[in-house]
2 protein chains.
Amino acid sequence: MKFDVYAENCPTRLVMDRIADKWAVLVLVKLSAGKMRFNQLRREIEGISQKVLSQLLKKLERDGLVSREVFPTVPVTVEYAITPLGQTLTATVSALTVWAEENMPRIIEAQRRYDGVEARESA
Amino acid sequence: MKFDVYAENCPTRLVMDRIADKWAVLVLVKLSAGKMRFNQLRREIEGISQKVLSQLLKKLERDGLVSREVFPTVPVTVEYAITPLGQTLTATVSALTVWAEENMPRIIEAQRRYDGVEARESA
DNA sequence: CTGTATCCTACCAGATACTG
DNA sequence: CAGTATCTGGTAGGATACAG
């Protein structure tokens, strides 16, 4: 939220700010498969740290994309679930997945070509 | 590309790595309106630095999403254009824009509610 | 179990100056 | 005009320790 562009009525920018996060989509996808507890998520999403997951879940909850339910067991149990709003978002994001599956080969090919030219230029 | 998750065949992750960038989508959208020169882009995308734009364009070109054409004028002229591949991507991303327009009010509302609770808790 | 708090580092982006 | 090079400060994220 540092630049004026952010203040503009640019919806794309606004969604991006939400899903651009390295882990956000992954968490939403995991949760769309069913409720999960904190450490359960942590284990499934290999590579995410406790702090980052915590912050991310808080952010997602604030945006109304996931819900958080606390059970007063000992020790405490917390279940995270995706909300209907979160579900529609992940559904939309899946369009990107489709695009990716169809077009990654072209991107790879483009990179190969580009890198080839680069190598020749620096030679 | 630090974690194993990246290595996994997760297309969503792969597209994300491409468009998650703060400016990438914005550049693609601008270019989808027509060819543009470097400083022209720089002016239109207020807030982006010369270095970042330069790096971004290079990355997008490498991925085959934009093309770069140099005209041997004095001083040199460079035109950037979106490629067909880039066009299909922006078209897909526009699905997210639609989602944003429809659902931002709900997110705002969720945040308002969340922040309200927070304020009460810390009181 | 589910987090928060702290420290620390590595990377990124901004500013500036310079080149072809 | 279209970049590259360098320096630097802020920040996100990892590791660790601790709390409820």
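Notes on the structure follow. Per chain, residues are indexed from 1 in the order of the written sequence. Key to labels: chains lettered from A, ligands numbered from 1, both in the order written. For a predicted model such as this one, the threshold for reporting local features is a pLDDT of at least 70, and the threshold for listing and counting side-chain atom pairs is 80 or more; totals across whole chains, interfaces and linings nevertheless cover every residue. Where side-chain values are given, they derive from all heavy atoms of the structure, hydrogens and water being excluded.

**Topic: helix α3 (residues 24-32) of chain B**
Turning to step 1, where the next piece is worked out: Note on exposure labels: buried denotes an accessible area under 20% of the residue type's maximum, exposed denotes more than 50%, and partly exposed covers the range between, all computed with a 1.4 Å probe on protein chains only. Every helix listed is a DSSP run of H or I at least four residues long, and every strand listed is a run of E at least two residues long, numbered separately from the N terminus. Turning to α3 of chain B, its buried residues are Ala 24, Val 25, Leu 26, Val 27, Leu 28 and Leu 31 of chain B.
Turning to step 2, where the next piece is worked out: Gly 34 of chain B sits one or two residues past α3 of chain B and shows a positive phi near 145 degrees.

**Quick notes on the protein's contact with DNA strand C**
Turning to step 1, where the next piece is worked out: Neighbouring residues are identified by heavy atoms, a residue being near a molecule or strand if any of them is within 4 Å of it. As a structural note, the neighbourhood of DNA strand C is formed by 18 residues, with Gln 50, Ser 54, Arg 68 and Tyr 80 of chain A together with Lys 51 of chain B the closest of them.
Turning to step 2, where the next piece is worked out: Taking all atoms of DNA strand C within 4 Å of the protein, the share assigned to sugar and phosphate is 58%.
Turning to step 3, where the next piece is worked out: At 3.0 Å from a phosphate oxygen of DNA strand C is found a main-chain nitrogen or oxygen belonging to Asn 39 of chain A.
Turning to step 4, where the next piece is worked out: The side chain of Lys 51 of chain B places a nitrogen or oxygen atom 2.4 Å from a base oxygen of DNA strand C. In protein, a polar contact means a hydrogen-donor-capable atom and an acceptor-capable atom, both N or O and within 3.5 Å, with residues adjacent in sequence counting only if both atoms are side-chain atoms; elsewhere, any N or O pair within 3.5 Å suffices.

**A few points about the protein's contact with DNA strand D**
Turning to step 1, where the next piece is worked out: The immediate surroundings of DNA strand D are formed by 19 residues, with Lys 51 of chain A together with Gln 50, Ser 54, Arg 68 and Tyr 80 of chain B found nearest.
Turning to step 2, where the next piece is worked out: The sugar and phosphate moieties of DNA strand D supply 59% of its atoms located within 4 Å of the protein.
Turning to step 3, where the next piece is worked out: Within the side chain of Lys 51 of chain A, a nitrogen or oxygen atom sits 2.5 Å from a base oxygen of DNA strand D.
Turning to step 4, where the next piece is worked out: In the model, a phosphate oxygen of DNA strand D is placed 2.6 Å from a nitrogen or oxygen of the Tyr 80 of chain B side chain.
Turning to step 5, where the next piece is worked out: Examining the composition of the surface near DNA strand D, we find that 4 residues originate from one element, helix α5 (residues 50-62) of chain B, more than from any other.
Turning to step 6, where the next piece is worked out: Its residues assigned to classes, the surface near DNA strand D shows 8 nonpolar, 6 polar and 5 charged. Ten residue types, Ala, Val, Leu, Ile, Met, Phe, Trp, Tyr, Cys and Pro, are classed as nonpolar, four, Asp, Glu, Lys and Arg, as charged, and the remainder, Gly among them, as polar.

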